[in-house]
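Here is how the chains run, residue by residue.
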Amino acid sequence: AKMTADVLTWVADLANHHETCPCDQCRQRRKPQEAAQQARSEDFSPIGPDGKPISEKAFQAAVTALAKRNGWRTYHVHFSQKSVAGWPDLVCIRVRKMIIAELKVPPNKTTAAQAAWLKDFRELANGCDRIEVYLWTPTDWDEIESVLR
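Now for a quick tour of the structure.

Rules and cut-offs
Residues numbered from 1 in each chain as written. Predicted model: local features only at pLDDT ≥ 70, side-chain atom pairs only at ≥ 80, totals over all residues. Heavy atoms only, no water. Helix = DSSP H or I, 4+ residues; strand = E, 2+ residues; numbered from the N terminus. Core = buried A, V, L, I, M, F, W, Y, C linked by side-chain atoms within 4.5 Å. Buried < 20%, exposed > 50% of the residue type's maximum accessible area, 1.4 Å probe, protein only. Contact = heavy atoms within 4.5 Å. Expected span 1.5 Å × (residues − 1). Pairing = 2+ DSSP bridges. Axes fitted to C-alpha atoms, helices over the stretch in contact; angles between N-to-C directions. Salt bridge = Lys/Arg side-chain N within 4 Å of Asp/Glu carboxyl O. Right-handed = clockwise from strand over helix to strand, strands pointing away. Polar contact = N/O pair within 3.5 Å; in protein donor to acceptor, adjacent residues only side chain to side chain.

1. Re the environment of M98
- By the element assignment, M98 lies in strand β3 (residues 97-103).
- Taking the C-alpha atoms as reference points, M98 and R130, 32 residues apart in sequence, are found 6.0 Å from one another.

In structure tokens, the structure reads:
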């Protein structure tokens, strides 16, 4: 557990490099992004243009786009068939903070492997204000927006 915490701290510190680095590229990353200021709840709808609930893929794209607009670095396993079963859908890192999120669109539910990963990440994050773990559905959009702001 200590080694895992050290690795996560190292990853978060690496992501924060841009916070203090004087190079032009890092200064650009620090500038507030105009799109992030304009992102509002009204921009998202859990109902697609066809009147049906959005797919998990569309929900993933919306959450990822919001995170990126707000300056988060994101990682999503695109081909999960060759990945460890249950790995969370999205990992976001920004300014000494890591968000681990599993995204579900009802009626889909977490698998046993997904629940186990979320449980392990929650135990790792216990008492650590740098790591937050979520299971989000489209109805959680206000919370998602608040967390990723």
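2. Points about the nonpolar core
- One finds F59, V63, I99, W136, I144 and L148 to be the most contacted residues of the largest nonpolar core, which totals 19 residues.
- The set of elements that each furnish at least two residues to this core consists of α5 (56-69), β2 (90-94), β3, β4 (131-136) and α7 (141-147).
- Here the element with the most residues in this core is α5; it accounts for four residues.
- Apart from residues lying up to four places away in sequence, I99 is in contact with W72, L90, V91, C92, E132, Y134, W136, V147 and L148.
- Of all hydrophobic cores here, the second largest spans nine residues; its members include I93, M98, I100 and V133.

3. Points about α5
- Over its 14 residues, α5 extends 20 Å from the first C-alpha to the last, a length consistent with the 20 Å expected when each residue adds 1.5 Å.
- Contacts from the buried residues of α5 go to β1 (73-75), β2, β3, β4 and α7.

4. Remarks on the sheet that holds β3
- As summarised here, the arrangement of the four strands in space is β1-β2-β3-β4, forming an open sheet in which the pairing is mixed. Of all the strands in the sheet, the pair left with one neighbour each is β1 and β4. Ignoring which end each strand starts from, the neighbouring axes of this sheet average 20° apart.
- In this sheet, β4 lies alongside β3 in parallel orientation, the contact comprising six bridges. Pairing of A101 across the sheet is with Y134, part of β4.
- Across the sheet, helix α6 (residues 112-125) touches β3 and β4, and the angle it forms with β4 is around 150°.

5. A few points about the pattern of salt bridges
- Scanning the entire structure with this criterion turns up five salt bridges.
- The residue K104 makes a salt bridge to E56 at a minimum N-O spacing of 4.0 Å. On the criterion of sequence distance, the pair formed by K104 in the loop between β3 and α6 and E56 in helix α5 is long-range, its members being 48 residues apart.
- On the basis of relative accessibility, which here comes to 9%, the residue K104 falls in the buried class.

6. As for the pairing of β3
- Most of β3 sits inside the fold, with six of its seven residues counted as buried.
- Both β2 and β3 contribute to a ladder of five bridges, which runs antiparallel. Residue pairing across strands places R94 opposite K97, the latter belonging to β3.
- Hairpin connection, β2 to β3: the antiparallel pair is bridged by two residues, and V95 has positive phi, about 35°.
- Read as a crossover between parallel neighbours, the route from β3 over α6 to β4 is right-handed.

7. Section: the environment of E56
- Here E56 falls in the partly exposed class, since its relative accessible area comes to 24%.
- Taking the C-alpha atoms as reference points, E56 and V105, 49 residues apart in sequence, are found 5.5 Å from one another.
- For E56, the residues in contact, after removing those within four places along its chain, are L103, K104, V105 and N108.
- Polar side-chain contacts of E56 include one of 2.8 Å to the side chain of N108.

So, to be careful, I would describe these as geometric facts and stop short of saying anything about function.
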